[in-house]
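Breakdown of the fold
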Amino acid sequence: MARLMRYLPVLLLAAVLPIAAAAQSAGDTAMTRLLAQAGAQPCEEAPGFQCVSLTVPLDHTDPANAGTLDVVFAVRPADDPVARRGMFVTVTGGPGYSGLHAAEGYTSFMDARVLEHFDIVFFDQRAIGRSQGVRCDEAALAYYQA
């Protein structure tokens with residue numbers, strides 16, 4: 001589990017960067033189209049954001065492990081799609097707190113230029129909020145028996 005947590009940012013980038021790259025190259029309404037194609041819906045937890053669930057590898061460092069889990073991302077497309085410069089991914093939340101629930105509060109303090117030029121992304125980390133968890137019964141047993 002610790003190894004997976006160490007690689008969480010890599011997993012996040014592997015899941016989000018293809019969407020960002022496609023949006024960057026596709027034009028002014030690309031992010032909105034990509035979110036619609038991915039089945040995004042308005043986020044109850046984050047007004048103004050679209051929530052989309054993406055399936056990511058359980059352990060990207062082990063090609064033999066075919067396991068996956070679903071992580072929920074909240075995306076707020078840039079206010080000015082023509083002037084869009086990229087994606088601003090925020091890693092917040094974590095043990096016991098949802099990143100989706102933090103999205104509205106965090107963005108309310110962002111400079112308008114950030115909101116104008118960047119798609120803003122928050123996500124629920126594994127086993128928090130709407131993202132799928134993993135049971136680690138053997139690891140928990142070993143921990144509590146020590």
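Residues numbered from 1 in each chain as written. Predicted model: local features only at pLDDT ≥ 70, side-chain atom pairs only at ≥ 80, totals over all residues. Heavy atoms only, no water.

Ordered by their spatial adjacency, five strands build an open sheet running 1-2-3-5-4, and the pairing between neighbours is mixed. Edge positions in the sheet fall to strand 1 (41-42) and strand 4 (86-89), since each has one partner strand and no second. Two strands pair when backbone bridges link them, and strand 1 and strand 2 (residues 50-57) are joined in this way by two bridges, in the antiparallel orientation. Its bridge partner being in strand 2, proline 42 is matched across the sheet by glutamine 50. Along the sheet face, helix 4 (residues 99-107) touches strand 2, strand 3 (68-76) and strand 5 (118-123) and points at about 145 degrees away from the line of strand 5. (Pairing = 2+ DSSP bridges. Helix = DSSP H or I, 4+ residues; strand = E, 2+ residues; numbered from the N terminus. Contact = heavy atoms within 4.5 Å. Axes fitted to C-alpha atoms, helices over the stretch in contact; angles between N-to-C directions.)

Below, the discussion takes up the pattern of salt bridges. According to the stated counting rule, one finds four salt bridges in the structure shown. Arginine 84 is the partner of aspartate 119 in a salt bridge, and the nearest nitrogen-oxygen pair spans 2.4 Å. Taken together, the residues span a long stretch of sequence, with aspartate 119 in strand 5 and arginine 84 in the loop between strand 3 and strand 4 at a distance of 35 residues. Each member of the pair, aspartate 119 as well as arginine 84, is classed as buried. (Salt bridge = Lys/Arg side-chain N within 4 Å of Asp/Glu carboxyl O. Buried < 20%, exposed > 50% of the residue type's maximum accessible area, 1.4 Å probe, protein only.)

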